[in-house]
Amino acid sequence: MNDMTRDAQPVITTQRLSLRPLQTSDLGLINLHSGDARVAKMTTDIPHPLPPGATEALLKRAADPMRSEDFWAMDASVHGGSELMGLISLTRLDSAQSEIGYWVAPAFWNAGTASDAVAALIDANPLANKTIFAAVFQNNPASAKVLTNAGFDYIGDAETYSVARAANVPTWTYLRKLG
């Protein structure tokens with residue numbers, strides 16, 4: 001890999017799902033799920049209502065060889081489940097640190113989907129990170145539990161802007177040291 005382009009993303013499999021790079025055929029399900037206010041309001045960067053072209057822009061960013069963020073679809077179709085239950089991503093902060101982010105469609109909440117995806121991505125460590133950070137809104141304790149169950153340590157409170165809420169929202173910040 002040269003300094004300007006990124007290697008292809010691996011497919012990461014668990015007993016319940018696969019994390020795979022996004023594909024054009026994901027457009028409709030990403031639109032459907034990320035357009036849900038319950039999803040958008042638990043993220044920093046998904047607007048609600050979802051404007052035309054937002055998902056196309058996401059797919060273009062995900063395919064860019066000079067991307068700073070890798071996205072994976074949470075796909076259980078090989079096990080008879082849904083082709084897209086949510087997205088998970090790693091945003092590069094520097095050569096050895098990333099920030100993990102994820103959302104799961106409401107139909108798959110409380111089913112271990114996020115826990116499986118986060119654990120699989122941490123175990124695979126596709127970017128060879130030494131440290132992975134995460135932040136969750138303080139009114140989303142289920143997401144905080146996903147992180148602590150995956151070995152993340154709470155490191156403090158902060159706040160960040162949520163596009164869907166059009167406001168700064170209190171967050172809990174987490175850190176996971178690897179290798």
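Here, every reference points to the structure presented above.
Summarised in this report is the structure supplied together with it. (Residues numbered from 1 in each chain as written. Predicted model: local features only at pLDDT ≥ 70, side-chain atom pairs only at ≥ 80, totals over all residues. Heavy atoms only, no water.)

1. Brief notes about the overall build of the protein chain
From N to C terminus, the protein chain includes five helices and eight strands. Shown N-terminal to C-terminal, the secondary structure of the protein chain runs as helices and strands in the order β-β-α-α-α-β-β-β-α-β-α-β-β. Relative to the 2.2 N^0.38 estimate, which gives 16 Å for 179 residues, the radius of gyration of the protein chain is 15 Å and therefore close to what a compact globule would have. Oriented by its inertia axes, the alpha-carbon framework of the protein chain measures out at about 40 × 40 × 35 Å. (Helix = DSSP H or I, 4+ residues; strand = E, 2+ residues; numbered from the N terminus. Rg over C-alpha atoms; globule rule 2.2 N^0.38 Å.)

2. Quick look at the sheet that holds strand S6 (residues 131–137)
In spatial order, the strands read S1-S2-S3-S4-S5-S6-S8-S7; together these eight strands make up an open sheet with mixed pairing. Across the chains shown, the open sheet's two edge strands, defined by having one partner strand only, are strand S1 (12–13) and strand S7 (153–162). Here seven bridges tie S6 to strand S8 (residues 167–177), and the two strands are oriented antiparallel to one another. When the bridges of S8 are listed, phenylalanine 133 appears paired with leucine 175. (Pairing = 2+ DSSP bridges.)

3. Focus: helix H3 (residues 54–63)
For H3, every residue scored as buried is listed here: Thr55, Leu58, Leu59 and Ala62. The buried residues of H3 occupy one face: seen down the axis, they fall within an arc of 95°. Where the residues of H3 are buried, they touch helix H1 (27–34), strand S3 (69–75) and strand S4 (86–94). (Buried < 20%, exposed > 50% of the residue type's maximum accessible area, 1.4 Å probe, protein only. Arc of directions from axis to C-beta. Contact = heavy atoms within 4.5 Å.)

4. Considerations on helix H5 (residues 141–149)
Of all the residues in H5, the buried ones are Ser143, Ala144, Val146 and Leu147. Down the axis of H5, the sector holding all buried residues measures 155°, keeping them to one side. Every exposed residue of H5 that faces more than 90 degrees away from the buried side is listed here: Pro141, Lys145 and Asn149. Each element contacted by the buried residues of H5 is listed here: strand S5 (97–104), helix H4 (113–124), S6 and S8. Phi turns positive, to about 90°, at glycine 151, one or two residues after H5.

5. Regarding the packing of H1 against H3
At their nearest, the axes of H1 and H3 sit 9 Å apart, and the two run at 120° to each other. By the angle between their directions, the pair H1 and H3 is classed as oblique. Handedness of the H1/H3 crossing: right-handed. Contacts between H1 and H3 involve Leu27, Ile30, Asn31 and Ser34 from the former and Thr55, Glu56, Leu58 and Leu59 from the latter. Residues of the contact of H1 with H3, tallied by class, amount to four nonpolar, three polar and one charged. (Axes fitted to C-alpha atoms, helices over the stretch in contact; angles between N-to-C directions. Parallel < 35°, antiparallel > 145°, perpendicular 65-115°, else oblique. Left-handed = near helix turned anticlockwise from the far one by under 90°. Nonpolar A, V, L, I, M, F, W, Y, C, P; charged D, E, K, R; others polar.)

6. Quick notes on the pattern of salt bridges
Following the criterion strictly, the structure yields eight salt bridges and no others. One salt bridge connects aspartate 116 with arginine 16, and the closest N-O pair in it is separated by 3.1 Å. Taken together, the residues aspartate 116 in helix H4 and arginine 16 in the loop between S1 and strand S2 (18–21) connect sequence positions 100 residues apart. The exposure class of arginine 16 is partly exposed, given its relative accessible area of 38%. With a closest N to O distance of 2.6 Å, arginine 20 and aspartate 75 form a salt bridge. Residue arginine 20 is found in strand S2, and its partner aspartate 75 is found in strand S3; the two are separated by 55 residues along the sequence. With relative accessibility at 9%, the residue arginine 20 sits in the buried group. Aspartate 75 gets classed as buried once you look at its relative accessible area, which sits at 8%. (Salt bridge = Lys/Arg side-chain N within 4 Å of Asp/Glu carboxyl O.)

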